[in-house]
Amino acid sequence: SGVSATKIKRIYNGINYDSIYKLNTKIESNSSNKVKDSNSLQFIFVGRIGVSKGIDLLLDASEIFLNKNPKATLTMVIPTYPKNLYLTIKNKIKSLNCASQISMLTQLSKKELFACLKNSSCIVIPSYSEGFCFIAAEASALNIPIISSNKGALKEVVTGKHIKMETFSKEGLINAFEKAKNKQWDFKKKKEFPIKQSVEQYLYLYKELLHE
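Residues numbered from 1 in each chain as written. Predicted model: local features only at pLDDT ≥ 70, side-chain atom pairs only at ≥ 80, totals over all residues. Heavy atoms only, no water.

A. Inspection of the packing of aromatic side chains at higher detail. Per the stated rule, a full pass over the model turns up ten aromatic pairs. For the pair Phe43 and Phe65, a centre-to-centre distance of 5.8 Å together with 70° between the ring planes defines the contact as edge-to-face. With Phe43 in strand E1 (residues 42-46) and Phe65 in helix H2 (residues 55-68), this residue pair connects regions lying 22 residues apart in the sequence. Residues Phe65 and Phe177 carry aromatic rings whose centres are separated by 5.2 Å and whose planes lie at 45° to one another, so their mutual orientation is tilted. With Phe65 in helix H2 and Phe177 in helix H7 (residues 170-181), this residue pair connects regions lying 112 residues apart in the sequence. The pair Phe65 / Phe177 is uniform in exposure class, with both members buried. Ring pairs connect the aromatic residues Tyr12, Phe132, Phe134 and Phe193, which therefore count as one cluster. (Phe/Tyr/Trp six-rings, centres within 6.5 Å; stacked < 30°, edge-to-face > 60°. Helix = DSSP H or I, 4+ residues; strand = E, 2+ residues; numbered from the N terminus. Buried < 20%, exposed > 50% of the residue type's maximum accessible area, 1.4 Å probe, protein only.)

Printed below as a string of structure tokens:
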């Protein structure tokens, strides 16, 4: 875009890891939580319902994979807005042969969300693009395996156990599901994005700009 590299600074979004780990401890100590079945496949999608999130790809791939694997499930944690998109997704799911294997959840608290994540086999992030993706960083912190499109910032934010879609297509996502089924995970050293570091970098940048 014609901007000099000397004028560009990359500052990652910050994550409050203390709150994540404290909440995680509470969830793990709560005996009422379900124990994850290591022999089942419980995929989860978490995110807004904008077109960049790849929900169209997710549902197309899930229809084929879930039909072949009747014990597998997909949980979608999404908002109910924009209403027209929410209703479109809801109606699309109803039309699928595997509709009984897909559930939709909305308006979860952070504790409820993390409990759902921990009871899942992995989180699916099939995005067309991502500027950061908080849920990828949070899932990595919780040691939740990730299926990723590897688009945008996901290349940098997704760490721990993961599977990258080999091609950004329905077939690529189905293949990633199959790899998860066969426990063919890749591993990348865990990376954290502390909010304190993010704040410090912003403050340093502001001071640089004020002294130019």
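Still more ground to cover, so stick around.
B. Structural detail: unusual backbone geometry. Following Tyr81, the chain continues into Pro82 via a peptide bond in cis, with omega recorded as -5°. Here Asn143, not a glycine, exhibits a phi torsion of approximately 60°, which is positive. Along the chain, Asn143 falls in the loop between helix H5 (134-141) and strand E5 (146-148). One non-glycine residue, Asn150, adopts positive backbone phi at about 65°. Among the secondary structure elements, Asn150 is positioned in the loop between E5 and helix H6 (154-157). The class for Asn150 is partly exposed, based on a relative accessible area of 21%.

C. Layout of the pattern of salt bridges. With the rule as written, the count across this model stands at seven salt bridges. Between Lys9 and Glu208 there is a salt bridge; the shortest N-O distance is 3.8 Å. In this pair, Lys9 sits in the segment before helix H1 (17-29) while Glu208 sits in helix H8 (residues 195-210), placing the two residues 199 residues apart along the sequence. (Salt bridge = Lys/Arg side-chain N within 4 Å of Asp/Glu carboxyl O.)

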